[in-house]
Amino acid sequence: MNQKTAIDFIENQEWLGEAGEAIQPAILNAFKAGGETGQKIKNFLHGKWLGHPLHPVLTDVPVGSWTVAAVLDGIELAGNEDYQQGADAAISIGIAGAVASAVSGLTDWTATNGKRQKIGLMHGLLNLTATGLYATSLILRGNKKSRRAAITCSMIGYGITTAAAYLGGHLVYDEQMGVNHTAASEEYPKDFVAVLNENELAENTMKCVKAGEIPVLLAKKDGNIFAIANTCSHLGGPLAEGDLLDNCNVRCPWHGSVFSLKDGSVVDSPATEPQPKFDVRIQNGQIEVRLSKN
Ligand code: FES
């Protein structure tokens, strides 16, 4: 089975979609039940504080540790037992990193559907299996007689975690998860351009307009006009179709990220990257915008 066939196979598994639809609301409800604290924990796990998804940072720990363990186990199999303790320690560190990665990855996965949801769930199930094998290996390593069986468990776990890492890469590079979906900054207008007649933007409303080819969200609140990029940095949702909130914020209609209209910053995740913000002025009855330098 080549990579494309494997991805197609996963995408065709109806049970993965059904399982995803059942699990995701349960996780989101658990965060919701935690109120403000639950939202803070969710923001933390997505990586809002980092300005970047947290999950890919954490996945380096198990992949790196278990690679070290595989090398040291290989040395042991070749007849040198000097590095046994090092291999066991690397496996322990990898298991701790895998648990932290799982918690952050599960949080990111709650904001997926369709293909991303199915592949993400398979990625998680494979990693869960690999972590279970490494935990079994760690227990077996305590007994000299079961050392070979322990190393076999680790090796199978390493193969499975490599397959899971491939799916993680597919989610990022092909499905564009965890990348910033706002356009590259050079595409935004550096000089003021007219985008709308000022009479066409009523108080307490939002509108998507075009500055050149760039969709811009205009919002009017308390007589002030705000402008940020309309395409959500998370997965490209159209912010103008979301909710204009009381505190000068906007909520994305797709997965509920909240951004400040004042500066484009992330108020609530899953988004971790801010929205580009525009300066606004009125000239001859026209609303004009340009990319803000601040
Ligand atoms: S696209 Fe996911 S929160 Fe906007």
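Residues numbered from 1 in each chain as written. Predicted model: local features only at pLDDT ≥ 70, side-chain atom pairs only at ≥ 80, totals over all residues.

**Looking at the overall build of the protein chain**
Then, in step 1: The helix and strand inventory of the protein chain stands at seven helices and ten strands.
Then, in step 2: Principal-axis analysis of the C-alpha atoms places the extent of the protein chain at approximately 85 × 40 × 35 Å.
Then, in step 3: The buried share of the protein chain, reckoned over its 294 residues, is 37%.
Then, in step 4: Within the protein chain, counting contacts between residues at least 6 apart in sequence, those at least 24 apart form 57% of the total. (Helix = DSSP H or I, 4+ residues; strand = E, 2+ residues; numbered from the N terminus. Buried ≥ 20, exposed ≤ 12 C-beta atoms within 10 Å, placed from the backbone. Contact = placed C-beta atoms within 7 Å.)

**Overview of the environment of Ala26**
Then, in step 1: Inspection of the secondary structure assignment puts Ala26 in helix H2 (residues 14-33).
Then, in step 2: A sequence separation of 36 residues divides Ala26 from Pro62, and the C-alpha atoms of the two residues are 27 Å apart.

**Overview of the sheet that holds strand E6 (residues 249-251)**
Then, in step 1: Pairing is antiparallel across the open sheet formed by four strands, whose spatial order is E5-E6-E7-E8. Whereas interior strands pair on both sides, the edge strands pair on one side only; in this sheet they are strand E5 (243-244) and strand E8 (266-268).
Then, in step 2: Where strand E7 (residues 258-260) meets E8, two bridges bridge the pair, whose relative direction is antiparallel. Counterpart to Val258 in the pairing with E8 is Asp268. (Pairing = 2+ DSSP bridges.)

**Topic: H2**
Then, in step 1: End to end, H2 covers 29 Å across 20 residues, agreeing with the expected 28 Å (1.5 Å per residue, within 8%).
Then, in step 2: Here H2 lies mainly on the outside; one of its 20 residues are buried. (Expected span 1.5 Å × (residues − 1).)

**Remarks on the environment of Ala130**
Then, in step 1: Among the secondary structure elements, Ala130 is positioned in helix H6 (residues 114-141).
Then, in step 2: Overall, Ala130 belongs to the buried group, with 26 C-beta atoms counted inside 10 Å.
Then, in step 3: It is 6.9 Å that separates the C-alpha atoms of Ala130 and Tyr158, two residues lying 28 residues apart in sequence.
Then, in step 4: Ala130 has contacts with Gly157, Ile160, Thr161 and Ala164, leaving out every residue within four places of it along the chain.

**Here's the deal with the nonpolar core**
Within soluble globular proteins, side chains that are nonpolar tend to cluster in buried spots.
Then, in step 1: Val216, Leu217, Leu218, Ala227 and Ile228 are the most contacted members of the largest nonpolar core, which has 28 residues in total.
Then, in step 2: Only strand E2 (206-211), strand E3 (214-221), strand E4 (224-229), E7 and strand E10 (286-291) provide two or more residues apiece to this core.
Then, in step 3: The dominant element in this core, judged by the number of residues it contributes, is E3, at five residues.
Then, in step 4: In this structure Leu218 touches Leu196, Leu201, Met206, Lys207, Val209, Ile225, Ala227 and Ile287, once residues within four positions along its chain are discounted.
Then, in step 5: Counting residues in hydrophobic clusters, the runner-up holds 24 residues, among them Ala98, Met122, Cys153 and Leu167. (Core = buried A, V, L, I, M, F, W, Y, C linked by C-beta atoms within 7 Å.)

**Notes on the pairing of E10**
Then, in step 1: The pairing of strand E1 (residues 193-197) with E10 spans four bridges and is classified as antiparallel. Bridging across to E10, Ala194 finds its partner in Glu288.
Then, in step 2: Where strand E9 (residues 278-283) lies against E10, six bridges are found, and the strand directions are antiparallel. Paired with Val280 across the two strands is Val289, which belongs to E10.

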